[in-house]
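Next come the chains, spelled out residue by residue.
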Amino acid sequence: RKGVFLRGLADHMHFSLPHGEVLRALGAVDGTRENVDVLMGARQNVLVYPGGAHEVLKHSATPKYSLLWKQRLGFARMAIKHGYPLVPCAAVGTEDMLSIVADLPVGFVR
């Protein structure tokens, strides 16, 4: 209705896996600073989850409802550089949808 197309930033590892092409087709972009510079320079709408894959794949010992940003503030610096507003949003209850049955080794995720 509004003609807004979000360009979601994704972790690098997604693009080396088979579903990477599907993400690209849906408008996802490898979340590098260079790519964000290009997107914001073109005044594209950018969607970022600062916690990324680490937050999605939390270890079972990590308390529920905790953010895992690991001092990732590049998204804020890029927004300031390009004069972009930051619109915080939250999805309440997502951690209650599924139970962790096994901890995955996620050391390969930045």
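Residues numbered from 1 in each chain as written. Predicted model: local features only at pLDDT ≥ 70, side-chain atom pairs only at ≥ 80, totals over all residues. Heavy atoms only, no water.

This paragraph deals with the overall build of the protein. When helices and strands are counted, the protein shows 4 helices and 3 strands. The N-to-C order of helical and strand elements in the protein reads β-α-β-α-β-α-α. By principal-axis analysis of the C-alpha atoms, the protein measures approximately 40 × 30 × 30 Å. Per-residue burial over the protein gives 23% buried out of 110 residues. (Helix = DSSP H or I, 4+ residues; strand = E, 2+ residues; numbered from the N terminus. Buried < 20%, exposed > 50% of the residue type's maximum accessible area, 1.4 Å probe, protein only.)

To continue, consider the sheet that holds strand 2 (residues 29-30). Taken together, 3 strands build an open sheet; the order of strands is 2-1-3 and the sheet is parallel. Among the strands making up the open sheet, the edge pair consists of strand 2 and strand 3 (45-47). Bridge count between strand 1 (residues 6-10) and strand 2: 2 bridges; the pairing is parallel. When the sheet's bridge partners are listed, Leu 9 is paired in strand 2 with Val 29. (Pairing = 2+ DSSP bridges.)

Right, let's get into helix 4 (residues 74-82). Turning to helix 4, its buried residues are Gly 74, Met 78, Ala 79 and His 82. Each buried residue of helix 4 lies within a common arc of 140 degrees when the element is viewed along its axis, so the set occupies one face. Pointing more than 90 degrees away from the buried face of helix 4 are the exposed residues Arg 77 and Ile 80. Next to the buried residues of helix 4 lie helix 2 (33-41). In the stretch just after helix 4, Gly 83 is the one whose phi turns positive, near 70 degrees. (Arc of directions from axis to C-beta. Contact = heavy atoms within 4.5 Å.)

Looking now at the packing of helix 2 against helix 4. Helix 4 packs onto helix 2 with a crossing angle of 35 degrees between their chain directions and a minimal axis gap of 10 Å. As helix 2 runs across helix 4, the sense of the crossing is right-handed. Mapping the contact onto sequence places Arg 33, Val 36, Asp 37, Met 40 and Gly 41 in helix 2 and Gly 74, Arg 77, Met 78, Ala 79, Lys 81 and His 82 in helix 4. Residue composition of the contact of helix 2 with helix 4, grouped by class: 4 nonpolar, 3 polar and 4 charged. (Axes fitted to C-alpha atoms, helices over the stretch in contact; angles between N-to-C directions. Left-handed = near helix turned anticlockwise from the far one by under 90°. Nonpolar A, V, L, I, M, F, W, Y, C, P; charged D, E, K, R; others polar.)

This part is about helix 2. Looking at helix 2, one finds that the buried residues are Val 36, Leu 39 and Met 40. Projected onto a plane normal to the axis of helix 2, the buried residues spread over an arc of 90 degrees and lie on a single side. Across from the buried face of helix 2, at angles greater than 90 degrees, the exposed residues are Glu 34, Val 38 and Gly 41. Where the residues of helix 2 are buried, they touch strand 1, strand 2, strand 3 and helix 4. Where helix 2 ends, the next residue or the one after it, Arg 43, has phi of about 60 degrees, a positive value.

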